[in-house]
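Observations on chain architecture
Residue strings, one per chain:
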Amino acid sequence: MFWVLLLLLAWAVAGSACTRLCLAAVRVAAVDTDADTDVRGRGLTLYEAAFLSGGPGRVADLTMVSMARQQRLLLARTGWATVVDPRGRDEMERSVIGAIGPEGQSRIAPVRAATASADAVGSLGDRLVSAGLAVPADGRGGIAAGIRQVQFAALVVFGLGAAALLLPAPPDMPRGLVALWFALPLALTLSCLAIARVEVHPYSRWASPAGQRLLGALTRRSAGGDDRTYLTSVAVRGVRAIGEPDLREAFEHRDQPWREPHAGGA
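Please read all numbers here as calculations on a predicted model, not as lab measurements. (Residues numbered from 1 in each chain as written. Predicted model: local features only at pLDDT ≥ 70, side-chain atom pairs only at ≥ 80, totals over all residues. Heavy atoms only, no water.)

**Quick word on the side chain of threonine 115**
As for its placement among the helices and strands, threonine 115 is situated in helix α5 (residues 108-116). Not counting residues up to four positions away in its chain, the partners in contact with threonine 115 are Ala60, Ser95, Val96, Ala99 and Val121. (Helix = DSSP H or I, 4+ residues; strand = E, 2+ residues; numbered from the N terminus. Contact = heavy atoms within 4.5 Å.)

Written out as structure tokens, the structure is:
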């Protein structure tokens, strides 16, 4: 009766994975319900849209693009940022200027990293979480992780069922009945994935469902060719929305680590 132990293990794996996914979905739904009464008629700033779309790194990208379009920051296609106007107009711009340093020039990658971890961006994220528009830090990726766990559980249940069918079975236990018992936890995991696909998808790492709705409304309202529409596209879609080839090429270096070249000749 070793197959019974495998069946119990299959139920334990399937049940725990599905429970985690359901709890994550309930937490997101609770945040969404609490936020509904607070966000009606509320709009999003560009910084808020950037955070909800791509997190702190997106806020840093948007700030640098905005300053570059106003010719207060020079972003070279080689991946360097140079301060033209050292007077920041808000906390985000002052964070960028402070990250570049007193010399007024730095690689984009460390500037982006320092700006994303600055207090101004952290305070922005806290305000969005308090408003129910952003996912709390301990819940980011919770639904996505839960779905991956259920998918893994489905594979484990299938493997355990196959192993049980390969083991010797008592004469009074048909193979079909063994397969049927393992089909039950497998059906649980597959049905849970199907429900999550319909009810929960699409899910976001940064924006709560209420935040996603405001992002959708912001995108629909953005029309035309003015500067705000351009920056809205960058906030929502990231640097791939940048139209200028030189500026887009500058941001291709933003995630590359910088090392000082070694001195000496060949």
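**Some details on helix α3 (residues 56-69)**
Look at α3: 20 Å from first C-alpha to last across 14 residues, which is about the 20 Å you get at 1.5 Å a residue. Summarising burial for α3: 12 of the 14 residues are buried, a large majority. When α3 is considered as a whole, its buried residues turn out to be Gly57, Arg58, Val59, Ala60, Asp61, Leu62, Thr63, Met64, Val65, Ser66, Met67 and Ala68. Where α3 ends, the next residue or the one after it, glutamine 71, has phi of about 60°, a positive value. (Expected span 1.5 Å × (residues − 1). Buried < 20%, exposed > 50% of the residue type's maximum accessible area, 1.4 Å probe, protein only.)

**Some thoughts on the confidence of the model for the protein**
The share of residues in the protein with pLDDT of 70 or more is 83%, and the mean pLDDT across the chain is 84. Predicted confidence in the protein is weakest over helix α1 (residues 2-39), with a mean pLDDT of 79, and strongest over helix α4 (residues 91-100), with 96. (pLDDT = per-residue confidence, 0-100.)

**Remarks on the pairing of strand β2 (residues 80-83)**
Residues Ala81 and Val83 point to one face of β2 and are all buried, whereas Trp80 and Thr82, pointing to the other face, are not buried. The hairpin formed by strand β1 (residues 73-75) and β2 contains 4 residues between the paired strands, and glycine 79 there has a positive phi angle of roughly 100°. Inspection of the sheet shows β2 paired to strand β3 (residues 105-107) by 3 bridges, in the antiparallel sense. Bridged to tryptophan 80 within β3 is arginine 107. (Pairing = 2+ DSSP bridges.)

**Digging into the environment of leucine 73**
With respect to the helices and strands, leucine 73 occurs in strand β1. Residue leucine 73 is classed as buried on the basis of its relative accessible area, which comes to 3%. C-alpha of leucine 73 to C-alpha of glutamate 93: the two residues are 20 residues apart in sequence and 9.9 Å apart in space. Apart from residues lying up to four places away in sequence, leucine 73 is in contact with Met64, Met67, Ala68, Thr82, Val83, Val84, Val96 and Ile100.

**Considerations on the side chain of arginine 72**
Following the sequence through the fold, arginine 72 ends up in the loop between α3 and β1. Residue class for arginine 72 comes out buried when judged on its relative accessible area of 4%. Of note is the side chain of arginine 72, whose polar atom sits 2.6 Å from the side chain of glutamine 70. Sequence-distant contacts of arginine 72, defined by excluding residues within four places in its chain, comprise Met67, Val83, Val84, Asp85, Arg87, Arg89 and Glu93. (Polar contact = N/O pair within 3.5 Å; in protein donor to acceptor, adjacent residues only side chain to side chain.)

**Some words on the pattern of salt bridges**
Throughout the structure, instances matching the rule amount to 7 salt bridges. The salt bridge partner of arginine 69 is aspartate 227, with a shortest N-O separation of 2.6 Å. Of this pair, arginine 69 sits in helix α3 while aspartate 227 sits in helix α10 (residues 227-237), and the two are 158 residues apart along the sequence. Classification of arginine 69 by relative accessible area gives partly exposed; the value is 31%. The exposure class of aspartate 227 is partly exposed, given its relative accessible area of 34%. Aspartate 246 is the salt-bridge partner of arginine 77, the closest N and O atoms lying 3.2 Å from each other. Of the two residues, arginine 77 is situated in the loop between β1 and β2 and aspartate 246 in helix α11 (residues 245-250); the sequence distance between them amounts to 169 residues. By relative accessible area, which is 43% here, arginine 77 ends up partly exposed. What makes aspartate 246 partly exposed here is its relative accessible area of 42%. The structure contains a network of salt bridges with shared partners spanning Arg69, Asp227 and Glu244. (Salt bridge = Lys/Arg side-chain N within 4 Å of Asp/Glu carboxyl O.)

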